[in-house]
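What the coordinates show
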Amino acid sequence: MLNDRLLVQLDADASERRSTAGIVIPATAAVGKRLTWGAVVAAGQHVRQVAVGDRVLFDPDDRAEVELEAQTYLLLREKDVHAVAEPRDGGQGTGLYL
């Protein structure tokens, strides 16, 4: 990866969701702007705030898809990441930092 780019793998459960009543909502359902979670599998040398293995929150509309070895990944810039859900200080705090 070059510069501030991140290679992200979508979470397995990103395709469909369940409501609190247990109703399955497909990924194609029209909803407002919804952010998506994914895992960082590679990072460029100028990435400062995100590390490989972190779980990140991003806008699925600001992405480019790439297929490597029959696996689909997303290519993002670090500035397109809204939040990281991995604690960096040994599990203290909420587990979410912005």
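Whatever comes next refers back to the structure up there.
Summary of the structure given here. Everything numeric in this text was worked out from a predicted model, so none of it was measured.

This paragraph deals with the sheet that holds strand β5 (residues 55-58). Across the sheet, which stays open at both edges, the six strands sit in the order β6-β7-β1-β4-β5-β8 with antiparallel pairing between neighbours. Looking at the sheet topology across the chains shown, the edges are occupied by β6 (64-68) and β8 (81-84). Adjacent strand axes in the sheet meet at a mean angle of 45 degrees, parallel and antiparallel pairs treated alike. Alignment of strand β1 (residues 5-10) against strand β4 (residues 36-43), held across five bridges, turns out to be antiparallel. Bridge assignment links V8 to a residue of β4, and that residue is V40.

With respect to the helices and strands, the residue E78 is situated in the loop between β7 (71-77) and β8. It is R48 that comes nearest to the buried, bridge-free E78 among opposite-charge side chains, at 6.0 Å. At a separation of 2.7 Å, a polar atom in the side chain of E78 contacts the main-chain amide nitrogen of Q49. When near neighbours in sequence (up to four residues on either side) are disregarded, E78 contacts D4, L6, H46, V47, R48, Q49 and V50.

Looking now at the pairing of β6. When β6 meets β7, the two strands line up antiparallel, connected through five bridges. Note that in β7 the partner of L68 across the bridge is Q71. Hairpin connection from β6 to β7: two residues lie between these consecutive antiparallel strands, with E69 at a positive phi of about 50 degrees.

Here is what the cut-offs are and how they apply
- Residues numbered from 1 in each chain as written.
- Predicted model: local features only at pLDDT ≥ 70, side-chain atom pairs only at ≥ 80, totals over all residues.
- Heavy atoms only, no water.
- Pairing = 2+ DSSP bridges.
- Helix = DSSP H or I, 4+ residues; strand = E, 2+ residues; numbered from the N terminus.
- Axes fitted to C-alpha atoms, helices over the stretch in contact; angles between N-to-C directions.
- Buried < 20%, exposed > 50% of the residue type's maximum accessible area, 1.4 Å probe, protein only.
- Lys, Arg positive; Asp, Glu negative; His and termini not counted.
- Salt bridge = Lys/Arg side-chain N within 4 Å of Asp/Glu carboxyl O.
- Polar contact = N/O pair within 3.5 Å; in protein donor to acceptor, adjacent residues only side chain to side chain.
- Contact = heavy atoms within 4.5 Å.

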